[in-house]
Amino acid sequence: MAAGGQPPAEALPSVAVVGCGVVGATVALELARRDADVTVFEAGDVAAESSGRAAGICYDAFADAVDAEIAERALDRFRERGALTDHPYVWLARSGDDRSAEAMAEHVPRMRQQGRDVSFLDADDLESRWPTLETDDVARAAIARNAGYADPAAYTRETAELAVGEGADLRTETPVELDGTGRVDGEDYDAVVVAAGAHTARLLGEAGHPIPVKAYRVQALLTEQTPLADGVPMLYDATGGYYLRPRDGRLFVGDGTIPEEYDPTDWEESADGWFRENCDEYLDTAVGESVTESRSWAGLCTATPDGDPLVGERAPGLYVASGFQGHGFMRAPAIGEALANEVLGEEGIDAFDPTRFEGDESFEIVEGMTLED
Ligand SMILES: Cc1cc2nc3c(=O)[nH]c(=O)nc-3n(C[C@H](O)[C@H](O)[C@H](O)COP(=O)(O)OP(=O)(O)OC[C@H]3O[C@@H](n4cnc5c(N)ncnc54)[C@H](O)[C@@H]3O)c2cc1C
């Protein structure tokens with residue numbers, strides 16, 4: 001007992017969070033809310049990398065129970081913050097693409113078994129709801145109603161500000177390295193959380209705790225303002241291999257995935273000419289005309305051997321969150337919460353336990369935006 005008769009206050013865990021993208025910012029906020037002593041190290045500015053380049057598409061239409069629960073929890077948390085614009089997510093397969101149509105036929109019932117509000121739509125339904133869409137050759141379509149979009153950069157910055165408001169020490173323009181001792185930037189921490197996006201594998205490898213995460217490049221294009229943006233759902237055309245969504249009166253078109261490993265310190269940040277040309281074709285297929293480009297860019301996503309992320313304790317006191325296969329933004333509110341819980345000694349997400357791999361596995365990159373498992 002302390003002199004005043006009060007029990008001694010329990011020491012608050014000190015936690016270093018490496019990376020202030022949406023995942024690092026969320027972990028930092030959740031930990032700071034629970035009175036941990038949090039320091040966030042960010043190499044550049046908040047949302048400098050993938051979180052500042054993402055489309056912000058969010059949905060809970062997953063066929064796997066763990067994925068579906070995480071996505072639902074994340075949507076709830078986006079809504080609590082007023083960060084989500086509800087908007088349905090439609091995906092379709094066009095005539096002649098039996099493989100995508102069959103994949104949809106298999107996945108939609110499995111999503112429904114998980115309690116997801118997902119159903120098939122026929123081409124007439126599609127056309128009457130979104131007359132802007134080209135539907136003549138649609139062979140199969142489905143709609144996920146628990147879906148919407150957010151502004152990833154704004155959400156990430158706001159999350160970081162909330163974390164600072166809860167007492168976190170945010171150090172931008174502060175790249176750090178890990179040496180496996182638990183020290184970060186010369187200081188000791190009870191726990192270190194590495195949420196450094198595409199750089200996570202290198203940092204952990206150098207600390208002697210390798211993880212099998214590869215960076216791959218994806219691309220996006222934003223059109224000029226167009227009235228077409230008012231008449232589209234969020235769309236994934238499985239046959240064309242692209243997605244689009246409305247954004248502030250423009251159309252955001254994405255994919256151009258290159259399933260090759262990239263060095264996260266040396267990659268082309270501009271979109272490729274072929275992708276920008278393909279966007280004309282994508283738009284023509286989706287809405288019957290092409291729309292002038294406003295800007296385009298590339299970004300990195302991260303892949304794992306089994307397509308599931310690595311979230312949890314990799315070695316004593318060393319935690320990781322990476323490998324989101326292009327779905328890191330939509331899951332971040334729930335992933336950050338679960339990882340903070342684990343750092344504080346509670347349950348994490350067993351299915352995403354990073355120790356399920358040795359770290360030296362060789363594997364092919366499979367893009368995340370696909371209808372196939
Ligand atoms: C074009 C595009 C579209 C996308 N669309 C969607 C979408 O619609 N929905 C969705 O869910 N996901 C989408 N994604 C994926 C999503 O962007 C990522 O999964 C998510 O942003 C990952 O967040 P993160 O915090 O893990 O990584 P990041 O946002 O990359 O953050 C990592 C941070 O770590 C910092 N860092 C790196 N090394 C160090 C170091 N040594 N020291 C300190 N800091 C360091 C970086 O500067 C960076 O800010 C998209 C991605 C791209 C590129």
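Residues numbered from 1 in each chain as written. Predicted model: local features only at pLDDT ≥ 70, side-chain atom pairs only at ≥ 80, totals over all residues. Heavy atoms only, no water.

Caption draft 1: Molecular detail of the nonpolar core. Among the nonpolar cores identified, the biggest contains 73 residues, and Leu-31, Val-38, Tyr-89 and Trp-91 are the most heavily contacted of them. Per-element accounting of this core gives the leading share, 9 residues, to helix 8 (residues 328-343). Taken domain by domain, the makeup of this core includes at least three residues from each of domain 1 (14-53 + 152-211 + 305-356) and domain 2 (87-146 + 215-303). In terms of nonpolar packing, the next biggest core, distinct from the first, is built from 26 residues, Leu-133, Ala-229, Tyr-242 and Ala-271 among them. (Core = buried A, V, L, I, M, F, W, Y, C linked by side-chain atoms within 4.5 Å. Buried < 20%, exposed > 50% of the residue type's maximum accessible area, 1.4 Å probe, protein only. Helix = DSSP H or I, 4+ residues; strand = E, 2+ residues; numbered from the N terminus. Domains from an automatic or database assignment.)

Caption draft 2: Structural context of the packing of aromatic side chains. Summed over all chains, the structure comprises 11 aromatic pairs. Centre to centre, the rings of Tyr-242 and Tyr-282 are 4.6 Å apart; their planes meet at 20 degrees, and the pair counts as stacked. Of the two residues, Tyr-242 is situated in strand 15 (residues 242-247) and Tyr-282 in helix 7 (residues 273-287); the sequence distance between them amounts to 40 residues. Note on Tyr-242: relative accessible area 1%, which makes it buried. With a relative accessible area of 9%, Tyr-282 lands in the buried category. Three or more aromatic residues link up through ring pairs in this structure, and these residues are Tyr-59, Phe-62, Tyr-89 and Trp-91. For the cation-ring pair, Arg-140 lies above Phe-120, with the distance from its terminal atom to the ring centre recorded as 5.9 Å. (Phe/Tyr/Trp six-rings, centres within 6.5 Å; stacked < 30°, edge-to-face > 60°. Lys NZ or Arg CZ within 6 Å of the ring centre and 35° of its normal.)

Caption draft 3: Region of the structure containing the site of the ligand. Among the 38 residues in the neighbourhood of the ligand, the closest are listed as Glu-42, Ser-51, Ile-57, Val-176 and Met-330. The backbone of Gly-56 places a nitrogen or oxygen atom 3.2 Å from an oxygen atom of the ligand. At a separation of 3.0 Å, an oxygen atom of the ligand approaches a polar backbone atom of Gly-328. When isolated, the ligand has an accessible area of 1,000 Å², and the protein chains bury 96% of it. Contributions of two or more residues to the shell around the ligand are made by helix 1 (22-33), strand 13 (214-223), strand 17 (293-303) and helix 8. Partitioning the shell around the ligand into residue classes produces 23 nonpolar, 12 polar and 3 charged. (Near = heavy atom within 4 Å. Polar contact = N/O pair within 3.5 Å; in protein donor to acceptor, adjacent residues only side chain to side chain. Areas by Shrake-Rupley, 256 points an atom, 1.4 Å probe, with all protein chains shown as cover. Nonpolar A, V, L, I, M, F, W, Y, C, P; charged D, E, K, R; others polar.)

Caption draft 4: How the structure looks around helix 1. The end-to-end C-alpha distance of helix 1 is 16 Å, a good match for the 16 Å that 12 residues give at a rise of 1.5 Å each. Within helix 1, 11 of the 12 residues are buried, which leaves it mostly tucked inside the rest of the structure. The set of residues buried in helix 1 consists of Val-22, Val-23, Gly-24, Ala-25, Thr-26, Val-27, Ala-28, Leu-29, Glu-30, Leu-31 and Ala-32. Asp-35 sits one or two positions beyond helix 1 and adopts a positive phi of about 70 degrees. (Expected span 1.5 Å × (residues − 1).)

Caption draft 5: Layout of the sheet that holds strand 3 (residues 57-59). Overall, antiparallel pairing links the 3 strands, which are arranged 3-8-4 in an open sheet. Unpaired on one side and paired on the other, strand 3 and strand 4 (85-86) mark the two borders of the sheet. Pairing between strand 3 and strand 8 (residues 147-149): 3 bridges, direction antiparallel. Bridge pairing in strand 8 places Cys-58 opposite Gly-148. With respect to the sheet, helix 2 (residues 65-80) is in contact with strand 3, strand 4 and strand 8, its orientation differing from that of strand 3 by roughly 120 degrees. (Pairing = 2+ DSSP bridges. Contact = heavy atoms within 4.5 Å. Axes fitted to C-alpha atoms, helices over the stretch in contact; angles between N-to-C directions.)

Caption draft 6: A look at helix 8. With 16 residues, helix 8 ought to run about 22 Å at 1.5 Å a step, yet its terminal C-alpha atoms sit only 19 Å apart, falling short of that. Burial within helix 8 is extensive, with 16 of its 16 residues counted as buried. Immediately downstream of helix 8, the backbone of Gly-345 shows phi near 95 degrees, a positive value.

Caption draft 7: Up close: unusual backbone geometry. With a phi close to 70 degrees, Asp-35 is a non-glycine residue in the positive phi region. By the element assignment, Asp-35 lies in the loop between helix 1 and strand 2 (37-41).

Caption draft 8: Fine view of the environment of Arg-331. Looking at the element boundaries, Arg-331 is found in helix 8. Taking relative accessible area as the criterion, Arg-331 reaches 3% and is therefore assigned buried. Through-space distance from the C-alpha of Arg-331 to that of Pro-354 is 17 Å; in sequence the pair is 23 residues apart. Apart from the residues within four sequence positions on either side, Arg-331 is in contact with Asp-67, Ile-70, Ala-74, Pro-309, Phe-324 and Phe-352. In terms of polar contacts, Arg-331 uses its side chain to reach the side chain of Asp-67, at 3.5 Å. Of the polar contacts made by the side chain of Arg-331, one reaches the backbone oxygen of Phe-324; its length is 3.2 Å.

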